[in-house]
Amino acid sequence: LDLILAKPSFHHVLGFDDLGRNILPRLFAGAQVSLLVVIVVTAITASIGIMLGLVSGYYGGWVDRTLMQITDVFLAFPGILLAIAFAAVLGAGLSNLILALCITSWVGYARLTRAQVLSLRQRQHVMAAESLGASTLRIMLKHMLPLLAAPLLVEATYSMASLVIAEASLSFLGLGIQAPNASWGAMLRDAVRYMLIAPHYVLAVGLSLMSLVLVVNVLGDRLRDYLDVRG
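Now for a look at the structure at hand. (Residues numbered from 1 in each chain as written. Predicted model: local features only at pLDDT ≥ 70, side-chain atom pairs only at ≥ 80, totals over all residues. Heavy atoms only, no water.)

Assignment of secondary structure puts Thr71 in helix H2 (residues 61–75). Overall, Thr71 belongs to the buried group, its relative accessible area being 1%. When residues no more than four places from it in sequence are discounted, the contact partners of Thr71 are Trp106, Val107 and Arg111. (Helix = DSSP H or I, 4+ residues; strand = E, 2+ residues; numbered from the N terminus. Buried < 20%, exposed > 50% of the residue type's maximum accessible area, 1.4 Å probe, protein only. Contact = heavy atoms within 4.5 Å.)

Encoded structure:
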């Protein structure tokens, strides 16, 4: 009890939370959960969005119109609001949080892939593969997808930064990770209540969240510059 909201010290650099727990190890535990959610959601949404974009851009016609109309429906609503709605319907928990974020995060990959495929569709190496009788799946995966790696990697890094914020936001609202598991969003929700009497709590969590998002965004900028063939 004497450690509740205790201030930082030499041996405990970030202090203690409202239940007398050391904030630093809980930050590391929350980071593990956040990175797990981000990696799983990115892998699933990238796979779904890339395949839909490949099919839409390559076939065109009614297939393209149908898939893009579905994409436009998801784009008509802010992604975080859709995630909140799906999380509220599905219920709180790690698996439902991942599912809610997967439902709303594939749109960017689909639109980017479709736009790139439309420009690659008339490339000579693609038409040569078609004339030689290559299957549609082989053309998509072997002759188109490798050329999309650079922009898709950059899109993935920016998407990961958005997912960190989305996961923290849902947990902040009580729709994400539940106690006793650590989550930066849930920790920030608890810290706000003691902001005036224990500012170290909210600062530790808030600065950690800001730093992670900043690092991912900087990584995306560096990756974009590195993969830019014009440079």
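The subject of this paragraph is the packing of aromatic side chains. Inspection of the entire model under this criterion finds 2 aromatic pairs. Between the aromatic rings of Tyr58 and Tyr59, the centroid separation amounts to 5.5 Å while the plane-to-plane angle is 90 degrees, which identifies the pairing as edge-to-face. Accessibility expressed as a relative area gives 10% for Tyr58, which makes it buried. We classify Tyr59 as partly exposed; its relative accessible area is 49%. Aromatic side chains Phe74 and Trp106 sit 5.2 Å apart centroid to centroid with 70 degrees between the ring planes, which places their arrangement in the edge-to-face category. Placement of Phe74 in helix H2 and of Trp106 in the loop between helix H4 (94–104) and helix H5 (107–120) is noted, with a sequence separation of 32 residues between them. (Phe/Tyr/Trp six-rings, centres within 6.5 Å; stacked < 30°, edge-to-face > 60°.)

Within the fold, Ala31 resides in helix H1 (residues 23–59). According to the relative accessible area criterion, Ala31 is buried, its value standing at 17%.

In the Ramachandran plot, Leu5 falls in the positive-phi region, its phi being about 55 degrees despite a non-glycine side chain. Looking at the element boundaries, Leu5 is found in the segment before H1.

On to a nonpolar patch on the surface. Taken together, Phe172, Leu173, Val192 and Met195 make up a surface patch of nonpolar side chains, about 340 Å² in accessible area. Of note, Leu173 is situated in the loop between helix H8 (149–172) and helix H9 (184–192). (Patch = residues over 30% accessible without salt bridge, like charges linked within 9 Å, V, L, I, M, F, W, Y side chains within 5 Å. Areas by Shrake-Rupley, 256 points an atom, 1.4 Å probe, with all protein chains shown as cover. Salt bridge = Lys/Arg side-chain N within 4 Å of Asp/Glu carboxyl O.)

For the rest of this paragraph, the subject is the side chain of Ser159. Tracing the chain through its elements places Ser159 in helix H8. Ser159 sits in the buried class, given a relative accessible area of 10%. Looking at Ser159, its side chain comes within polar contact range of the side chain of Tyr109, at 3.5 Å. (Polar contact = N/O pair within 3.5 Å; in protein donor to acceptor, adjacent residues only side chain to side chain.)

Of all hydrophobic cores here, the largest spans 36 residues; its most connected members are Leu101 and Trp184. When contributions to this core are tallied by element, the ones reaching two or more residues are H1, helix H3 (79–90), H4, H8, H9 and helix H10 (199–227). Of the residues forming this core, the biggest block, 8 residues, is contributed by H10. Discounting residues that sit within four places of it in the chain, Trp184 has contacts with Leu27, Gly30, Ala31, Val205, Ser208, Leu209 and Leu212. (Core = buried A, V, L, I, M, F, W, Y, C linked by side-chain atoms within 4.5 Å.)

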